[in-house]
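Notes for the structure review
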Amino acid sequence: MSEEIITMLSNLGAIDEDKAVTVELLESSERLKNRVLDEEISKLAMSGYIKKIDGKLYLTKSGLLRALSRFS
Amino acid sequence: MGDSKKSRADEQKLISEKGLRPNDSSLRVLMLTWEYPPRIVGGIAKVVEGLSKSLTKLGVEVHVITNEMPGAPLEENDEGVHVHRVRIDSPAPNFHAWVLLMNHYFAKRAGVLAREVGGFSIVHAHDWLVLPSGSETKNYLGTPLISTLHSLEYKRAGGVNSPEGRMIESLEWWMTYESSVIIVCSHSMKDDSKWKYQVPDEKIWVIPNGINPDKFKGSHSNRNEVRSRYGINPSDKLILFVGRLTHQKGCEYLIRAIPLVAKYHNARLIVVGDGYMRGELESEASRTGEGWRIRFTGFIPDSEVTDLMLSSDLMVIPSVYEPFGVVALEAMTADLPVVASDVDGLGEIIKHEKNGILVYPRDPASIAWGISRIMSDPQNTRKLTENASKDVEEKYTWDAIAKLTLKAYRKMLN
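No experiment lies behind these values; they were computed from the predicted model shown. (Residues numbered from 1 in each chain as written. Chains lettered and ligands numbered in written order. Predicted model: local features only at pLDDT ≥ 70, side-chain atom pairs only at ≥ 80, totals over all residues. Heavy atoms only, no water.)

Contacts between the two partners involve 19 residues from chain A and, on the opposite side, 31 residues from chain B. Together chain A and chain B conceal approximately 2300 Å² of surface at their shared face, both sides included; 60% is due to carbon and sulfur atoms. Ranking the residues of chain A by area buried against chain B places Asn 11, Phe 71 and Ser 72 of chain A at the top, with a combined share of 29%. Of the charged contacts in the structure, one is a salt bridge between Glu 68 of chain B and Lys 19 of chain A, with a shortest N-O distance of 2.6 Å. Across the chain A-chain B interface, the total number found is nine residue pairs in polar contact (both at pLDDT 80 or more). (Contact = heavy atoms within 4.5 Å. Buried area = accessible area lost by both parts, 1.4 Å probe. Salt bridge = Lys/Arg side-chain N within 4 Å of Asp/Glu carboxyl O. Polar contact = N/O pair within 3.5 Å; in protein donor to acceptor, adjacent residues only side chain to side chain.)

Shown next as structure tokens:
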């Protein structure tokens, strides 16, 4: 599921603080609907792939590059 | 208002009749790429950077349209290369919709840029990801399109088994159809492209990727100090892997080779890079029972990769598919012995027992043999690295590659 979260953040363009998105927006997406994301989000934040500020999320550089890695 | 409408209409007519191109013999090239440093996802970023900088040295005016990256300026002159980073403001529900949006923004930027600079002689698109904007720019500006196919989906993904893969394949075919010239980086890529997309032989140019041979000159990293940062002793045999952690790169086979090597050598492995397989690979490392020998760094800055290359004993490239393998050239330039899978373009760069060691792909025992071959015979290894260094100087400098590319541009324009 962590791959789906970072891929979704990349697709949504959440790559800096200005473009951060809410957890609710992620939860409303088709692929992540009805899933509990809090634990995965905490793990991704601890691993340095995402940042959470004021309830909103965005990808770090490492997170962005990891999200795109399967497409190059 | 009426006048500006009229002049816009005149401009459109002129573009459709003659194409918006420079009005002298100078070459102005527009590169389209989804990655350019510091946005380094795979090999394309470094290829476009190296080629563009060397083309600039040959008098070509190069503009690069690419994606934004946090921390990088939207407009930049990078050693003579005009880099235009595009912000994509629209969110997308999935990656493929995002790619189409990206292309819309690229095409829009290309149209505006063409008016600002007086048009382009050539549009050069890098891989399927930018084909829609390359095609649109070609047809809108009347500018010839040349494309580089950096790899092929059916091999990269280990088969095409999804709607997304089918879409990528159709874009690759469209690229070969729409472009006047296709550049590929190896003869195996040429054969694969001809077979897969029926591209006429005369339309494909094999132009290898390159490297700046001075990349490691002047680096003053202290081998022991670098090793200590990663908990590696001076006497340990340090094996380096650099690449995306994806199926294509075959890192799992290298990890499985470590217990075999560890029977005879005090080997340690550093895995540089990240990707969707990282968790799986970390578990695989633990399962070997020798996980303490293996360290994953994730993405690290280029300068840190340089330090590691200069402080390691050998590099292993265990890819199951590799149309070229720029990382092999980097190792060869750093005098780092290379053990590589005998696949595709990698098997064209590395000549067994001449400038490196080739091993069977997907075969941990063969990889372990190759590593031991390097570790057990320092004299032979020295010969391999000397030959590798010569090969780079003779065949793979960006200056030489840029001259070949310029030849392809001129031939297409004539």
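Residue and element names in this part refer to chain B. Structurally, Ile 300 can be placed in the loop between strand 11 (294-298) and helix 11 (302-311). Sequence separation between Ile 300 and Gly 273 is 27 residues; the distance between their C-alpha atoms is 7.3 Å. Those residues within four positions of Ile 300 in sequence are excluded, and the remaining contacts are Tyr 230, Val 272, Val 305 and Leu 308. (Helix = DSSP H or I, 4+ residues; strand = E, 2+ residues; numbered from the N terminus.)

Let us now look at the domain arrangement of chain B. All names here are of chain B. Each assigned domain of chain B is listed with its residue range as follows: domain 1 (2-210 + 397-413) and domain 2 (214-395). Just the C-alpha atoms count here: the centres of domain 1 and domain 2 sit 32 Å apart. Contacts between the two partners involve 21 residues from domain 1, matched on the other side by 16 residues from domain 2. Across the contact surface, domain 1 and domain 2 share three salt bridges. With a closest N to O distance of 2.8 Å, Lys 155 and Asp 344 form a salt bridge. Here domain 1 is connected to domain 2 by eight residue pairs in polar contact (both at pLDDT 80 or more). Broken down by secondary-structure element, the contributors of at least two residues to the side of domain 1 that touches domain 2 are helix 2 (44-57), helix 5 (153-156) and helix 7 (187-197). Here the side of domain 1 that touches domain 2 takes four residues from helix 7, the largest share from any one element. Of the residues that constitute the side of domain 1 that touches domain 2, the class distribution is seven nonpolar, ten polar and four charged. (Domains from an automatic or database assignment. Nonpolar A, V, L, I, M, F, W, Y, C, P; charged D, E, K, R; others polar.)

When pLDDT is averaged across chain B, the result is 93; 94% of the residues are at 70 or more. Both scores are available for the predicted complex, with the pTM at 0.91 and the ipTM at 0.89. (pLDDT = per-residue confidence, 0-100.)

This paragraph deals with the side chain of His 150 of chain B. Residues and elements named next belong to chain B. With respect to the element layout, His 150 can be found in the loop between strand 6 (145-148) and helix 5. On the basis of relative accessibility, which here comes to 11%, the residue His 150 falls in the buried class. Discounting chain neighbours no more than four positions away, the residues touching His 150 are Ile 44, Val 47, His 126, Asp 127, Cys 185, Met 189 and Pro 323. (Buried < 20%, exposed > 50% of the residue type's maximum accessible area, 1.4 Å probe, protein only.)

Another aspect to go through is the pattern of salt bridges. Enumeration over the complete set of coordinates arrives at 43 salt bridges over all chains. Here Arg 66 of chain A ties to Asp 274 of chain B by a salt bridge, and the two come within 3.4 Å at their closest N and O atoms. Remark: Asp 274 of chain B occurs in the loop between strand 10 (267-272) and helix 10 (278-287) and Arg 66 of chain A occurs in helix 4 (residues 61-68); the pair is interchain, linking two chains. For the pair shown, Arg 66 of chain A and Asp 274 of chain B are each scored as buried. Across the salt bridge formed by Glu 116 of chain B and Arg 109 of chain B, the nearest N and O atoms sit 3.9 Å from each other. Look at Glu 116 of chain B and you get exposed, because its relative accessible area is 54%. Each of Glu 3 and Arg 66 of chain A together with Asp 274, Arg 278 and Glu 282 of chain B takes part in one network of salt bridges that share partners.

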